[in-house]
Amino acid sequence: MHLTHTDDPIYVAGHRGLVGSAVVRALEAAGYTNLIARTSSEVDLRDGDAVDDLFRETQPTAVVLAAAKVGGILANRDYPADFIADNLAIATNVIQSAHDHGVGTKGRLVNLGSSCIYPKMAPQPMREEHLLTGPLEPTNRPYAIAKIAALEMAESFHRQHGDDFVSLMPTNLYGPGDNFDLETSHVLPALIRKFHEAKQEGAGASVPLWGSGSPKREFLHADDLASAVLFALEVEESTFRQAAPDGLINVGVGEDLSILDLAELVRDVVGSENPILWDPSKPDGTPRKLMDVSRLNTIGWSAQTPLREGIESTYRWFLDTTVSAP
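The numbers attached to residues start from 1 for each chain and follow its sequence in the written order. At least 70 in pLDDT is required for a residue's local features to be given in this predicted model, at least 80 for side-chain atom pairs to be given and counted, and no such filter applies to totals for whole chains, interfaces and linings, which use all residues. The basis for every side-chain value is the complete set of heavy atoms in the structure, and neither hydrogens nor water enter the calculation.

Draft legend 1. Region of the structure containing the packing of aromatic side chains. Here a Phe, Tyr or Trp ring, Trp counted by its six-membered ring, pairs with any other such ring whose centre lies within 6.5 Å, and the pair is stacked when the planes are under 30 degrees apart, edge-to-face when over 60, and tilted otherwise. According to the stated counting rule, one finds six aromatic pairs in the structure shown. Here Phe157 and Phe165 contribute two aromatic rings whose centre-to-centre distance is 6.2 Å and whose plane-to-plane angle is 50 degrees, an arrangement assigned as tilted. For Phe157, a relative accessible area of 11% corresponds to the buried category. Here Phe180 and Phe318 contribute two aromatic rings whose centre-to-centre distance is 4.7 Å and whose plane-to-plane angle is 40 degrees, an arrangement assigned as tilted. Highlighted residues: Phe180 in the loop between β6 (172-174) and α7 (187-201) and Phe318 in helix α12 (residues 307-323), separated in sequence by 138 residues. Of the two residues, Phe180 and Phe318, both sit in the buried class. Residue burial is assigned from relative accessible area. The probe radius is 1.4 Å, only protein chains are included, and a residue is buried under 20% of its type maximum, exposed over 50%, and partly exposed in between. Each helix is a run of H or I in the DSSP string that is no shorter than four residues. Each strand is a run of E no shorter than two, and both are numbered from the N terminus.

Draft legend 2. Structural detail: empty space enclosed by the protein. Of the two site types, the cavity is a set of points on a 1 Å grid over the protein atoms alone where a 1.4 Å probe fits but cannot get out, and the pocket is an open set with protein on both sides within 12 Å along at least five of seven lines, each lined by residues with an atom within 4 Å of a point. Grid points are joined across faces, edges and corners, and a volume is the space filled by probe spheres set on the points. Per the stated rule, a full pass over the model turns up two cavities of 30 Å³ or more. Estimated volume of the largest cavity: approximately 50 Å³. Within the residue set of the lining of the largest cavity, elements represented by two or more residues are α4 (80-100) and α6 (141-161). Taken together, Ser115, Cys116, Tyr118, Pro119, Lys120, Met126, Glu137, Thr286 and Lys289 form the lining of the second largest cavity. Residues are grouped as follows: Ala, Val, Leu, Ile, Met, Phe, Trp, Tyr, Cys and Pro are nonpolar; Asp, Glu, Lys and Arg are charged; all remaining types, including Gly, are polar. Broken down by class, the residue content of the lining of the second largest cavity amounts to four nonpolar, two polar and three charged.

Draft legend 3. The pairing of strand β5 (residues 165-170), seen in detail. Burial runs high along β5: six of the six residues are buried. The alternating pattern of β5 places Phe165, Ser167 and Met169 and Val166, Leu168 and Pro170 on opposite faces, both of which are buried. One requirement defines pairing of two strands: DSSP has to find at least two bridges between them. Two elements, strand β4 (residues 108-112) and β5, share four bridges in a ladder whose sense is parallel. Bridging across to β5, Asn111 finds its partner in Ser167. Here, the term right-handed applies to a crossover whose path from the first strand over the helix to the second runs clockwise when the strands point away from the viewer. For the crossover that starts at β4, traverses α6 and ends in the parallel β5, the hand is right-handed. In this structure, β5 lies alongside strand β10 (residues 248-251), joined through four bridges in parallel fashion.

What follows is the structure, given as structure tokens:
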């Protein structure tokens, strides 16, 4: 099944995060009026009984599993147990409850994963078939294994029970609502903050950046991912499965750039002239992570936000909410 009525109850797990908040915006803009949202203080998704109670109470027709514990290289290095345990628990509880309460037959569950599920040295661009064909990037392996388990769980419920559960694997995300905490943020929001703060300090302040700048990355605006989620909720199951018989579809733009070039672009958008100091003693992470997005393109969806335009809007949001916040 798929969404057919704008009053269908839709549960967005993780509605306050970068992805979840963008999904809520997209659903509301598309006219969906019956959105279910709970904060982590209201429902701890690591608590199976609490999740089951939520599903029993709200009886969602569709579920978007956007809740996750996420972070950059530093956070993944320092808190590996949290990353695997929390994400395994969240996925297990939400997917199991979705099955138990009939989401798989009356609507659809869209599970959101991550491009880090693919092997560190996967062929480029990375196709869905490359999953589990080689070793993972060590710095975020606990998180990646939890995400692999989630998509395997969703597909296993489809194979065994016929549940309409599918998974979208987005590339690196950014946008309004991003995390700009330098201890836990991903590369693009970290660059925005670092160049902004260096600009405020003055021309003599340098910007220290990890690694060599040579790894290449692909960046998808959160609103584009939300558009893909809406598409995945509404498309016919036969159409989705024809493109993705394994229930897995990459979401990206199909283009990447080096971290060095990204840093220069962010510096230009911020209006900083501060010098960059690269630290090659710090880890680079995976050399390249470019998604093959042909499956999704084939069934009628592609990203729309140019990178510079997306960075400009994200910087404006940072200035409005982080810098000017009391």
